[in-house]
Amino acid sequence: MSRLTHLDTQGQAHMVDVGDKAETHRVARAEGRIRMSKAALDAIESGDAKKGDALGVARVAAIQAAKRTSELIPLCHPLPITRVSVDLQVDRAGSSVVCTAQVETVGRTGVEMEALVAVQIGLLTVYDMVKSMDRSMRIDAVRLLEKSGGASGPWSAPPADGSG
């Protein structure tokens, strides 16, 4: 097992020193979904949710969350994010909304956490927007899809169905 980089020699948590790392273009993409009743999904798709445009509000919340990740995850570095894109799609067959976030920076550390936080907050915002219709909604399948940049190079997740 590799050494845990967020622990010092005494086993105490600390923020990793990235000062000697080269600045590179770094990209991370993550996804997740929120499963819900047909009625809640219909309200989202038609724009008839009582609180308004659920997908539009969730997109803005996800972007804001990516920018504030270091305030939420204690050992994350504040990063100069250069781009955040968030896509929310209705999946009728899965009775769900799928959120995908891509975050980019030119810096010394990656943006995987920022992409994952964006997805989670986007999905939580969807929940908040339609919870009056379905309190049993379930957020799941949140995962990093891919990342690039930095010394470790590119990485892609295996297929979600386990076939790869």
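Residues numbered from 1 in each chain as written. Predicted model: local features only at pLDDT ≥ 70, side-chain atom pairs only at ≥ 80, totals over all residues. Heavy atoms only, no water.

Asker: What is the right way to look at the overall build of the protein chain in this model?
Answerer: Helix and strand content of the protein chain: four helices and five strands. Along the chain direction, N to C, the helices and strands of the protein chain fall in the order β-α-α-α-β-β-α-β-β. Relative to its full complement of 164 residues, the protein chain shows a buried share of 37%. Considering only contacts within the protein chain whose residues lie at least 6 apart along the sequence, 70% involve residues at least 24 apart. Total accessible area on the protein chain is roughly 9,200 Å²; 53% of this is exposed by carbon and sulfur atoms. (Helix = DSSP H or I, 4+ residues; strand = E, 2+ residues; numbered from the N terminus. Buried < 20%, exposed > 50% of the residue type's maximum accessible area, 1.4 Å probe, protein only. Contact = heavy atoms within 4.5 Å. Areas by Shrake-Rupley, 256 points an atom, 1.4 Å probe, with all protein chains shown as cover.)

Asker: Sorry, what's going on with the pattern of salt bridges here?
Answerer: Close approach of charged atoms allows side chains of opposite charge to pair. Inspection of the entire model under this criterion finds 13 salt bridges. A salt bridge links Glu71 to Arg68; the nearest nitrogen and oxygen atoms lie 2.7 Å apart. Overall, the relative accessible area of 56% leaves Glu71 in the exposed class. By relative accessible area, Arg68 is classed as partly exposed at 39%. Its salt-bridge partner being Asp128, residue Lys131 comes within 2.8 Å of it at the nearest N-O pair. Take Asp128: its relative accessible area is 30%, and that puts it in the partly exposed class. Via salt bridges that share partners, Lys38, Asp42, Glu45 and Arg92 belong to a single interconnected network. (Salt bridge = Lys/Arg side-chain N within 4 Å of Asp/Glu carboxyl O.)

Asker: Could you clarify how one ought to interpret the nonpolar core in this entry?
Answerer: The nonpolar side chains of soluble globular proteins are, as a tendency, buried together. Membership of the largest hydrophobic core comes to 31 residues, with the highest contact counts inside it found for Ile34, Met36, Ile44, Val86, Leu88, Val97 and Val126. Elements that contribute at least two residues to this core include exactly β1 (24–35), α1 (38–46), α2 (54–67), β2 (81–91), β3 (96–107) and α4 (112–130). In terms of residue count, the dominant contributor to this core is α4 (eight residues). Here Val97 is in contact with Gly32, Arg33, Ile34, Met36, Leu41, Ile44, Leu55, Leu88, Gln89, Val90 and Leu123, once residues within four sequence places are set aside. (Core = buried A, V, L, I, M, F, W, Y, C linked by side-chain atoms within 4.5 Å.)

Asker: Please explain the pairing of β3 as it appears in this structure.
Answerer: Each regular strand shows side chains that alternate between the opposite faces of the sheet. Here β3 lies mainly inside the structure; 10 of its 12 residues are buried. Both β1 and β3 contribute to a ladder of 12 bridges, which runs antiparallel. Within β3, the position partnered with Ile34 by the bridge is Val97. Relative to β3, β2 runs antiparallel, the two sharing 10 bridges. Bridge pairing in β3 links Asp91 to Ser96. (Pairing = 2+ DSSP bridges.)

Asker: So what exactly am I meant to see when it comes to α1 here?
Answerer: Each turn of an α-helix holds 3.6 residues, which means side chains three or four residues apart point in the same direction. Residues of α1 that are buried: Ala40, Leu41, Ala43 and Ile44. For α1, the buried positions fall inside an angular range of 160 degrees around the axis, keeping them on one side. Phi for Gly47, located one or two positions after α1, is positive at around 80 degrees. (Arc of directions from axis to C-beta.)

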